Amino acid sequence: MSNETHIPMRPVWDQPDTSRIPFKVYTDEQTHQKELEKLFYQNHWCYVGLEAEIPEHGDFKRTVIGERSVIMVRGADGEINVVENVCAHRGMRFCRKKHGNAKEFVCPYHQWNYDLKGNLQGVPFRRGVKQDGQVKGGMPKDFKPADHGLTQLRVAQRGGVVFATFDQEAESFEDFVGPEMLHYFDRMFNGRKLKLLGYNKQRIPGNWKLMMENIKDPYHPGLLHTWFVTFGLWRADNRSELKMDKHHRHAAMISTRGEGGKNAQTTGVSSFKEEMKLHDPRFLDVEVEPWWNGPTAVMMTLFPSVILQQQVNSVSTRHIQPNGHDSFDFVWTHFGYEDDTEEMTERRLRQANLFGPAGFVSADDGEVIEFSQEGFEQKPFHRSLAELGGREIGDTDHMVSETLIRGMYEYWRKQMED
Amino acid sequence: MNMEIYLQLTQFYQEYAANVDAAEWDSWIEMFTEDCTYRIQARENHERNLPMAALSLEGKGMLKDRIYGITETIFHDPYMQNHVVSAPRIKSLTPELIDCEANYAVFRTKNDGIAQVFNVGRYIDRIRNTPDGLKIESRICVFDNDMILNSLIYPI
């Protein structure tokens, strides 16, 4: 393939397995549209937010699923609804506030109004106007408001996290996540109420799948993230496991910090910095929490929309919001738990300096994704390599493997090529 | 208001901009007090009283650690900064302490690129008048952008 410079119309896989990934999967707009349909709008549960973001009746948050604007709202009955932010009349994206409190949704264009479940309540001039003793205009007699609500999504809530799907036929949320991943989901969201700490948002000029791959790639942290290595948070002797659901679409990278002494193995690349000490060690003032049950970091990818982060005391959701094949918005929602002490809240906030668009560690990820996309765009007939740990797919008890990436593309091909 | 302190403060803001634009990090650190606060926070968090910030540093030690990260560990595309800082607005003034604000716009230029509007916002400051001159006790950079353009490496 290396001498081939013909640009194919569609991604071409030159192996039966997924150890070589065609660049075209990241550069093709048609593929992107198909992904939105097959992976975001059908068959999958997507992240929308945390219950803690909308605590009161009428509270709402505007967000997206794929590239469709939706509103997560707590109704008058306290239940959480998710509706599409497109008026049933003329299609306007009527909700402009990012969050707020509402008794109903009104599209300002023609004042069509909906209750908080998305049911159409009323239409101005439905019965026309009376003029000279005659009724003029108005909607046809057979107009039924019940047929013209906002698109109402199915909603699933678990442990304070809210997911939704446009697909009325999709399997249950629990089946979607699968028992292997549900175990780690419930570890982090174990029923304690969550406390919202705030947001970090970045626009990354790269294909959205690259962020999924980033959190399915345990090869890079000890190499790219020099800060991790320099200050001892990443060590080659960390115990770690890679696990997937049965479809290989979701994954967890589970690691437990090594207690090894000075001579413990590091990557070598950065060993010259081993003597470095932080001027202020509070960045890494880690306190072991009982709910961890061992692992000091669990990074979960719930395909396709969200990453669930526990890195020592820093916990967050990272929402993937594509906009075109070559860009996505990455929205981090940091939180704590309602029984956190003030010291624990401060600890979580301080450790958050490692993450997000300005993070000591995460800033690296956004940059490499941007430059990967640049490489793909210039050489769309080529492919990348994901052969670390072999070409097969399966759980491992080490981190020297790209098995999770191969697993995701095996699933991707099944969804996209049928 | 004392004209001399206003001119001093104006000069201080311009020196700050010159230091960050020239990547004079040692000079940048020396513009702060020992127990300073330095924060870069989205306006959305600020206005909703949510404590999360893109960067939240307390004390000169953390400032030094940030500079070490910028210069030694963080992998990023090199870029230049150009700050345009408005005249300061003094909100309250004592001989020791000035509460003041100024708007800023930061343009980013990459090696192969043209200048982009990178970050626009407001400095919310508490500045201490010390025997060594004016020092920042607290600077919160509250930015209007909903999104950071990929990553934010250097101080604003």
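As the structure is a computational prediction, the values presented were derived from the model and not from experiment.

### What to know about the UniProt feature "domain: Rieske" (unreviewed entry) in chain A
Here the UniProt-annotated "domain: Rieske" (unreviewed entry) positions come out as residues 46-164 of chain A. Secondary structure over residues 46-164 of chain A splits into 0% helix and 43% strand, and the C-alpha atoms at its two ends are 5 Å apart.

### Some points on the confidence of the model for chain B
Model confidence for chain B is summarised by a mean pLDDT of 97, while 99% of its residues fall at 70 or above. With pTM at 0.95, the complex prediction returns an ipTM value of 0.96.

### Quick notes on the domain arrangement of chain A
All names here are of chain A. Segmenting chain A into domains produces domain 1 (46-155) and domain 2 (178-416). When each unit is reduced to the centre of its C-alpha atoms, the spacing between domain 1 and domain 2 is 37 Å. Taken together, the contact pairs 11 residues of domain 1 with 15 residues of domain 2. Across the domain 1/domain 2 interface, buried area totals approximately 1,000 Å², and carbon plus sulfur atoms make up 64% of it. The largest contributions to the domain 1 side of the interface with domain 2 come from Tyr47, Leu50 and Glu67, which together make up 49% of the buried area. Across the domain 1-domain 2 interface, the total number found is 0 salt bridges. Its residues assigned to classes, the side of domain 1 that touches domain 2 comprises 5 nonpolar, 2 polar and 4 charged.

### Observations concerning the environment of Ile29 of chain B
All names here are of chain B. Within the secondary structure layout, Ile29 lies in helix α2 (residues 25-29). Remark: the alpha-carbon pair of Ile29 and Met62, spanning 33 residues in sequence, is separated by 10.0 Å. Every residue in contact with Ile29, bar those within four places of it in the chain, is listed here: Lys60, Leu63, Lys64 and Ile67.

### Things to note about the sheet that holds strand β12 (residues 154-158) of chain A
Residues and elements named next belong to chain A. The antiparallel open sheet is built from 3 strands, whose spatial order is β2-β13-β12. Strands with a single pairing partner mark the edges of an open sheet, and in this sheet they are β2 (46-50) and β12. Going across the sheet, the axis of each strand differs from the next one's by a mean of 30°, ignoring polarity. As paired elements, β2 and strand β13 (residues 161-165) share 4 bridges and run antiparallel to each other. Considered in β13, the bridge of Gly49 is made with Val162. Strands β12 and β13 of the sheet are contacted by helix α3 (residues 173-188), whose axis makes an angle of about 20° with β12.

### Focus on the pattern of salt bridges
Counting across every chain of the model gives 38 salt bridges over all chains. Linking Asp125 of chain B and Arg139 of chain B is a salt bridge whose minimum nitrogen-to-oxygen distance equals 2.7 Å. Taken as a pair, Asp125 of chain B in strand β6 (residues 116-130) and Arg139 of chain B in strand β7 (residues 133-143) lie far apart in primary sequence, 14 residues in all. Taking relative accessible area as the criterion, Asp125 of chain B reaches 3% and is therefore assigned buried. Several salt bridges share partner residues, and in doing so they unite Lys98 and Lys201 of chain A together with Glu44, Arg48 and Asp146 of chain B into one network.

### Description of the interface of chain A and chain B
Across the contact, 41 residues belong to chain A and 34 residues belong to chain B. Buried area between chain A and chain B, summed over both chains or domains, comes out near 3,500 Å², and the portion from carbon and sulfur atoms is 56%. Linking chain A with chain B are 6 salt bridges. The partner of Lys201 of chain A in a salt bridge is Asp146 of chain B, with the nearest N and O atoms 3.5 Å apart. Where chain A touches chain B, the interface holds 22 residue pairs in polar contact (both at pLDDT 80 or more). Of all the secondary structure elements, the ones that give two or more residues to the side of chain A that touches chain B are β14 (194-204), α6 (226-230), β20 (328-337), α7 (342-351) and α8 (362-378) of chain A.

### A few points about the environment of Asn150 of chain B
Tracing the backbone through its elements, the reader meets Asn150 of chain B in the segment after β8 (148-149). A sequence separation of 87 residues divides Asn150 of chain B from Leu63 of chain B, and the C-alpha atoms of the two residues are 22 Å apart. Non-local contacts of Asn150 of chain B, meaning those with residues more than four positions away in its chain, are made with Gln202, Arg203, Ile204, Pro205, Pro357, Gly366, Glu367 and Glu370 of chain A. One polar contact links the side chain of Asn150 of chain B to the main-chain carbonyl oxygen of Gly366 of chain A, over a distance of 2.9 Å. Side chain to side chain, Asn150 of chain B and Glu370 of chain A meet in a polar contact 2.9 Å long.

### Things to note about the sheet that holds strand β19 (residues 314-322) of chain A
The strands making up a sheet are joined through hydrogen bonds of the backbone, oriented either antiparallel or parallel. Taken together, 8 strands build an open sheet; the order of strands is β15(A)-β16(A)-β17(A)-β18(A)-β19(A)-β20(A)-β14(A)-β8(B) and the sheet is mixed. The sheet is open, and its two edges are formed by β15 (239-244) of chain A together with β8 of chain B, each paired on a single side. Looking at chain direction, β14 of chain A and β8 of chain B are connected through 2 bridges and run parallel. Its bridge partner being in β8 of chain B, Gln202 of chain A is matched across the sheet by Ile148 of chain B.

### Concerning the nonpolar core
Core analysis: the biggest nonpolar cluster contains 109 residues, and Trp28, Tyr38 and Ile156 of chain B have the highest contact counts within it. Each of two domains, domain 1 (46-155) and domain 2 (178-416) of chain A, supplies a minimum of three residues to this core. Dropping the residues within four chain positions of it, Tyr38 of chain B is found in contact with Tyr16, Trp28, Phe32, Leu55, Ser56, Leu57, Leu63, Arg139, Cys141, Pro155 and Ile156 of chain B.

Thresholds, definitions, all that
Residues numbered from 1 in each chain as written. Chains lettered and ligands numbered in written order. Predicted model: local features only at pLDDT ≥ 70, side-chain atom pairs only at ≥ 80, totals over all residues. Heavy atoms only, no water. UniProt positions renumbered as here; feature names shortened; annotations may be inferred. Helix = DSSP H or I, 4+ residues; strand = E, 2+ residues; numbered from the N terminus. pLDDT = per-residue confidence, 0-100. Domains from an automatic or database assignment. Contact = heavy atoms within 4.5 Å. Buried area = accessible area lost by both parts, 1.4 Å probe. Salt bridge = Lys/Arg side-chain N within 4 Å of Asp/Glu carboxyl O. Nonpolar A, V, L, I, M, F, W, Y, C, P; charged D, E, K, R; others polar. Pairing = 2+ DSSP bridges. Axes fitted to C-alpha atoms, helices over the stretch in contact; angles between N-to-C directions. Buried < 20%, exposed > 50% of the residue type's maximum accessible area, 1.4 Å probe, protein only. Polar contact = N/O pair within 3.5 Å; in protein donor to acceptor, adjacent residues only side chain to side chain. Core = buried A, V, L, I, M, F, W, Y, C linked by side-chain atoms within 4.5 Å.

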